[in-house]
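Results of the structural survey
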Amino acid sequence: MDPLETGHKYDALASWWLEQMNGSTYGVAALERALTFAEEGRDALDVGCGCEGRFFRVLMERHFQCAGLDISGEMIAAAARRYPQVALTVGDICSWPLPRRYDVITAWDSTFHLPLDRHEAVLQKLCEGLSRRGVLLFTCGGGEERGIARGEFGGKSFEYSSLGVPEFVRLLWRFGCAIQHVEYDQYPENHVYMIAKKR
Ligand SMILES: C[S@@+](CC[C@H](N)C(=O)[O-])C[C@H]1O[C@@H](n2cnc3c(N)ncnc32)[C@H](O)[C@@H]1O
């Protein structure tokens, strides 16, 4: 699915998403695990940040300067009302040039919406956007093969794609990162999070 179409769908879901997720701790344990690998530095980017902002809260408690990117203008507008101290941008991670390097980059349940043929370039961009010994946390579909799946969410149909776990691991190494942790955190759901660190 084209990222712009994904963004329009999330525009329509922004208020519902906030109601559903307000106060949620979904993914926070994974973020806290990722932060145990972060040695130094103070700049964090959340890709596909949405509007609820629990990752911002955890990162700001640890004195990170936070930035967030999302393709949905409505998600970013709602996030801006809640987190005026965060540098928020409406944009597509496929085409958005990272303006700097970050010590921590997160992409929780966002890049799994990318068209299959964009994953490699986006992963390279995120790895290259890490500062020295920076840490990347992202989720992807589990399984060994590349593929596309469709699903209903918030009354809308979405597309999800994955290169498969072995290919993500191989690419991370090729793009200068080493895997620190891989977990099927919702087993038996086909959902994986990975933590990688710049070598
Ligand atoms: C399932 S929501 C997750 C939001 C947030 N990460 C969270 O866990 O609460 C997916 C988010 O990714 C954003 N997104 C999807 N594709 C994107 C892209 N190509 N560039 C930037 N954001 C994207 C959507 O607009 C949406 O806000």
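In case you missed it, the structure is sitting above this.
Scoring rules and cut-offs
Residues numbered from 1 in each chain as written. Predicted model: local features only at pLDDT ≥ 70, side-chain atom pairs only at ≥ 80, totals over all residues. Heavy atoms only, no water. Buried < 20%, exposed > 50% of the residue type's maximum accessible area, 1.4 Å probe, protein only. Helix = DSSP H or I, 4+ residues; strand = E, 2+ residues; numbered from the N terminus. Arc of directions from axis to C-beta. Near = heavy atom within 4 Å. Polar contact = N/O pair within 3.5 Å; in protein donor to acceptor, adjacent residues only side chain to side chain. Areas by Shrake-Rupley, 256 points an atom, 1.4 Å probe, with all protein chains shown as cover. 1 Å grid on protein atoms, 1.4 Å probe; cavity = no way out; pocket = protein on both sides within 12 Å on 5 of 7 lines; lining within 4 Å. Sits in = over half its atoms within 2 Å of the grid points. Pairing = 2+ DSSP bridges. Axes fitted to C-alpha atoms, helices over the stretch in contact; angles between N-to-C directions. Contact = heavy atoms within 4.5 Å. Salt bridge = Lys/Arg side-chain N within 4 Å of Asp/Glu carboxyl O.

Observations regarding helix α2 (residues 28–35)
What α2 keeps buried is the set Val28, Ala30, Leu31, Ala34 and Leu35. Summarising the axial view, the buried residues of α2 lie within an arc of 155 degrees, below the 170-degree limit, and thus occupy one face.

Focus: the site of the ligand
For the ligand, the set of nearby residues contains 19 residues, the closest of which are Gly48, Arg54, Asp70, Asp92 and Trp108. Here an oxygen atom of the ligand and a side-chain polar atom of arginine 54 are 2.8 Å apart. Within the contact set of the ligand, a nitrogen atom lies 3.1 Å away from a backbone nitrogen or oxygen of isoleucine 93. Within the complex, the protein chains bury 97% of what would otherwise be the 600 Å² of accessible surface of the ligand. Using a 2 Å cut-off from the grid points, one finds that the ligand occupies the largest pocket. Among the elements that take part in the shell around the ligand, helix α1 (residues 3–21) stands out by supplying 4 residues, more than any other.

Considerations on the sheet that holds strand β1 (residues 43–47)
Pairing within the open sheet is mixed, and its 7 strands lie in the order β3-β2-β1-β4-β5-β9-β8. Taken across any chain shown, the strands that pair with only one partner, and hence form the sheet edges, are β3 (87–90) and β8 (177–183). When the angles between neighbouring strand axes are averaged without regard to direction, this sheet yields 15 degrees. By the bridge criterion, 4 bridges tie strand β2 (residues 65–70) to β3 in an arrangement that is parallel. Bridge assignment links leucine 69 to a residue of β3, and that residue is threonine 89. Strands in contact with helix α4 (residues 73–82) are β2 and β3; relative to β3, the strand with the most contacts, it is inclined by about 165 degrees.

Quick word on the pattern of salt bridges
In total, this model carries 10 salt bridges according to the counting rule given. Notably, a salt bridge pairs arginine 133 with glutamate 39, separated by 3.7 Å at the nearest N-O pair. With a gap of 94 residues between them, arginine 133 in strand β5 (residues 130–141) and glutamate 39 in the loop between α2 and β1 connect regions that are remote in the sequence. Residue glutamate 39 is classed as partly exposed on the basis of its relative accessible area of 49%. Measuring nitrogen to oxygen at the nearest pair gives 2.9 Å for the salt bridge that ties arginine 57 to glutamate 52. Here the salt bridges share partners, and the residues they tie into one network are Glu39, Arg133 and Lys197.

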